[in-house]
Amino acid sequence: MSRNPKNGASLICVCCHHASAEAVLADKELRRVAGRERFLVELRLDLLQDLTDAALDRLLDRFAGQALVTCRHPAEGGGRADLSDEQRVHWLCRAAARGTERGPAAIDFELRSRSLLPKLRESVSALRADQRPAVVVSFHDFQRVPDNLETVRREAEEAGADIVKIAVSPRDTADGLPLLKLVTTPGRRPLIGLAMGECGSWSRFLAPRFSAPWTYARLEGTCGTAPGQPSWRELEELYRFFEQRPTWPVYGVLGNPIAHSLSPLFHNTALRECRLPGVYLPFRINGDPVVFIQSFADALNLRGLSVTIPHKERVLAACDGHSPAVSAIGAANTLTRNATGSWSAENTDADAATDALEEKLGGPDSLRGKTILLLGAGGAGKALGFGLTQRGAKLLIANRTRSRAQEVADAVGGTVFGFEELPKAFAGINVSAVVNTTPLGMHPKVEASPLSAEQIPAGAVVFDTIYNPLRTKLLNLAQERGCPTLDGTAMFVGQGLKQFELWTGQRPSSKRMAELIREALARRAE
Ligand code: NAP
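The paragraphs below set out a description of the structure included in this document.

### As for the side chain of H311
Right, so step 1: Topologically, H311 is positioned in the loop between β11 (302-307) and β12 (321-322).
Right, so step 2: Residue H311 is classed as buried on the basis of its relative accessible area of 4%.
Right, so step 3: Within the local environment of H311, its side chain forms a polar contact with the backbone oxygen of I285, the two atoms lying 2.8 Å apart.
Right, so step 4: The residues contacting H311, other than those within four sequence positions of it, are L254, G255, N256, I285, G287 and P289.

Here it is as structure tokens:
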């Protein structure tokens, strides 16, 4: 495979934040990835406070043939306000004049500095055509997505770009639509279109789909040089960057917040283990998820979506069909796109959680006739209420807002209590299990618990649907009282497996997927 960015296959360009040339040269991770095919290294000269001609030469010796040399203008995110245009152009020309064998594969020049481009051309005039680094003409908007992107592209092409780079800043994922249109419309030159920030991660993960010459990635454990940059390892291993094909289906999760979702890890691993084409992305949706679905579905070939807080109810407006569980619960966590392009809604939380509890209580039919104390009456509470009563359980429902608990009771049956009435409310009743569906105890408020130790019914199985952290305060209190406990992993894995099966017809090993999620959560807790 080639590192020549003019050759077609998308590359990963690794960026670093170091403030000195010595630190760049000493970075072992950078050296390791730089030695690999299909990787470029961006040398951001404007971030190096100690740069001299000699230091630049040493950097180019080290990364010969695979460097992208950039000296960003201060008005486009450059790190040094003290650099004159003359100094910037001097370094870029010095680098370019070495040719691609001894110097950079590409040089980045802002569109705003186009009047200086003839100097760059002059510096490579003595080189053979195949030795000249590719010229990237770049444009950045750190505030918004301007509506003249076609004009910007044309201007960059006319300025003499071999590659055009356009980076913009959507406030919501749906705001990136003009960029999506741009990257899916062929131009005269290859294009790297980037939507910066969490609302634009699709533009980075799917760069090969849009035939971008490369996308930018950060080193592991660093924050990168632009908001929203994924790490090179994530791109390569989880998002299968080098394997992606334009025909691959795209799946994803809609939510806000979404950065810490484990669903991309879960589904991308499942796709890889089942040897299926496809990639699964996090979509941060600040606004209306229906707008996003309607505007992105065709261009991205969206086939399936997971839905999480706060969009589980609103997404129903984008769907033509609802399963009985969705109709009863009024919320969906899974959308599937049919061959005709319409969407159907399912709720896999209900079955997954009920399966997990049923297994813990003794297997099939073990819920029948049992009394379950359900804490919370939001989306998860309603799903559990539906799932549990479908299998014959009786509910005691406690919720902060009593009217919402009453809604669940009206829909599926059950007796409503306020938290303050516990444990009196179940005196004399044999409660088989407690299910927490409130976020009390979830990271970062790990000291919270919906029940005190005395409010936990003796001998009941205590099931906390929270999985971050795995051991919540409620589960610790339950264990101290000698109650069997169940954390939220089985529910998370179960709902994900059911989604995956709906979309692909396949089912990866549940044991393997549970291990994956437990390991990821344990790493986060370190
Ligand atoms: P939701 O629709 O926002 O409902 C939240 C529920 O928690 C409501 O009943 C709310 O009571 C109650 N609540 C919130 N803050 C509270 C507080 N400070 N004190 C007392 N009650 C409070 O959210 P959801 O979709 O049901 O999700 C709730 C939790 O379920 C999540 O945090 C997550 O941990 C868990 N979950 C787990 C999985 C899994 O796969 N394991 C899947 C889905 C959800 P009010 O009605 O009074 O507002």
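### Structural notes on empty space enclosed by the protein
Right, so step 1: With the rule as written, the count across this model stands at three cavities of 30 Å³ or more.
Right, so step 2: Volume-wise, the largest cavity comes out at about 50 Å³.
Right, so step 3: Elements supplying a minimum of two residues to the lining of the largest cavity: β7 (191-195) and β8 (214-218).
Right, so step 4: Residue contributions to the lining of the largest cavity peak at four residues, all from β7.

### Describing the sheet that holds β7
Right, so step 1: One open sheet accounts for eight strands, arranged β7-β6-β5-β4-β3-β2-β1-β8; its pairing is parallel. Of all strands in the sheet, those bounded by a partner on one side alone are β7 and β8. Averaged over neighbouring strand pairs, the angle between their axes works out to 25 degrees when direction is ignored.
Right, so step 2: Of the strand pairs in this sheet, strand β5 (residues 134-140) and strand β6 (residues 163-168) are connected by five bridges, and their pairing is parallel. By the bridge assignment for β6, H140 is matched with A167.
Right, so step 3: This element, helix α4 (residues 85-96), spans β3 (67-70) and β4 (106-110) of the sheet and lies at about 155 degrees to β4.

### Brief notes about helix α11 (residues 263-273)
Right, so step 1: The element α11 is extensively covered by neighbouring structure, given that nine of its eleven residues are classed as buried.
Right, so step 2: The complete set of buried residues in α11 reads S263, P264, L265, F266, H267, N268, T269, A270 and L271.
Right, so step 3: In this fold, the buried residues of α11 make contact with α10 (232-238), β9 (250-255), β10 (279-284), β11, α18 (489-504) and α19 (510-525).
Right, so step 4: Immediately beyond the C-terminal end of α11, within one or two residues, lies R275, with a positive phi of roughly 55 degrees.

### Re the pattern of salt bridges
Right, so step 1: Within the structure shown, the criterion is met by 36 salt bridges.
Right, so step 2: Between D53 and R94 there is a salt bridge; the shortest N-O distance is 3.5 Å. On the criterion of sequence distance, the pair formed by D53 in helix α3 (residues 53-62) and R94 in helix α4 is long-range, its members being 41 residues apart.
Right, so step 3: Residue D349 is joined to K312 by a salt bridge in which the shortest nitrogen-to-oxygen separation is 2.9 Å. Of this pair, D349 sits in helix α14 (residues 348-361) while K312 sits in the loop between β11 and β12, and the two are 37 residues apart along the sequence. As far as burial versus exposure is concerned, D349 and K312 are alike and both buried.
Right, so step 4: Each of D53, D57, D61, R94 and R98 takes part in salt bridges that share partners, so that together they form one network.

### Some thoughts on the packing of α18 against α19
Right, so step 1: Contact geometry of α18 with α19 gives a least axis separation of 10 Å together with a crossing angle of 125 degrees. Between α18 and α19, the angle is such that the two are oblique. Crossing of α18 over α19 shows right-handed handedness. Residues T489, F492, V493 and L497 of α18 lie in contact with α19, whose contacting residues are S510, M513, A514, I517 and R518.

### Quick look at the site of the ligand
Right, so step 1: Around the ligand, the surrounding shell holds 23 residues, and the nearest of these are A380, N399, T401, R404 and T465.
Right, so step 2: Note that an oxygen atom of the ligand is positioned 2.9 Å from one of the backbone N or O atoms of G379.
Right, so step 3: Contact with the protein chains hides 80% of the accessible area of the ligand, taken as 930 Å² for the molecule alone.
Right, so step 4: Its residues placed into classes, the shell around the ligand shows ten nonpolar, nine polar and four charged.

### Focus: the layout of surface pockets
Right, so step 1: In this model, the second largest pocket occupies a volume close to 990 Å³.
Right, so step 2: In terms of lining, the second largest pocket is formed by 31 residues, of which the most central are R218, E234, L238, Y239 and A259.
Right, so step 3: Of the residues in the lining of the second largest pocket, the class split is 13 nonpolar, nine polar and nine charged.

### With respect to the environment of G103
Right, so step 1: The topology assignment puts G103 in the loop between α5 (99-102) and β4.
Right, so step 2: Taking the C-alpha atoms as reference, G103 lies 9.5 Å from R132; in sequence the two are 29 residues apart.
Right, so step 3: The residues contacting G103, other than those within four sequence positions of it, are L60, F63, A64, G65, Q66 and R98.

### Quick word on the sheet that holds β11
Right, so step 1: Pairing is mixed across the open sheet formed by six strands, whose spatial order is β10-β9-β11-β13-β14-β12. In this open sheet, the two strands that pair with only one neighbour each are β10 and β12.
Right, so step 2: Looking at chain direction, β12 and strand β14 (residues 343-346) are connected through two bridges and run parallel. Residue H322 lies in a different strand from β14, and its bridge partner there is A345.
Right, so step 3: Along the sheet face, helix α12 (residues 289-300) touches β9, β10, β11, β13 (334-337) and β14 and points at about 150 degrees away from the line of β11.

Thresholds, definitions, all that
- Residues numbered from 1 in each chain as written.
- Predicted model: local features only at pLDDT ≥ 70, side-chain atom pairs only at ≥ 80, totals over all residues.
- Heavy atoms only, no water.
- Helix = DSSP H or I, 4+ residues; strand = E, 2+ residues; numbered from the N terminus.
- Buried < 20%, exposed > 50% of the residue type's maximum accessible area, 1.4 Å probe, protein only.
- Polar contact = N/O pair within 3.5 Å; in protein donor to acceptor, adjacent residues only side chain to side chain.
- Contact = heavy atoms within 4.5 Å.
- 1 Å grid on protein atoms, 1.4 Å probe; cavity = no way out; pocket = protein on both sides within 12 Å on 5 of 7 lines; lining within 4 Å.
- Points joined across faces, edges and corners; volume = space filled by probe spheres on them.
- Pairing = 2+ DSSP bridges.
- Axes fitted to C-alpha atoms, helices over the stretch in contact; angles between N-to-C directions.
- Salt bridge = Lys/Arg side-chain N within 4 Å of Asp/Glu carboxyl O.
- Parallel < 35°, antiparallel > 145°, perpendicular 65-115°, else oblique.
- Left-handed = near helix turned anticlockwise from the far one by under 90°.
- Near = heavy atom within 4 Å.
- Areas by Shrake-Rupley, 256 points an atom, 1.4 Å probe, with all protein chains shown as cover.
- Nonpolar A, V, L, I, M, F, W, Y, C, P; charged D, E, K, R; others polar.

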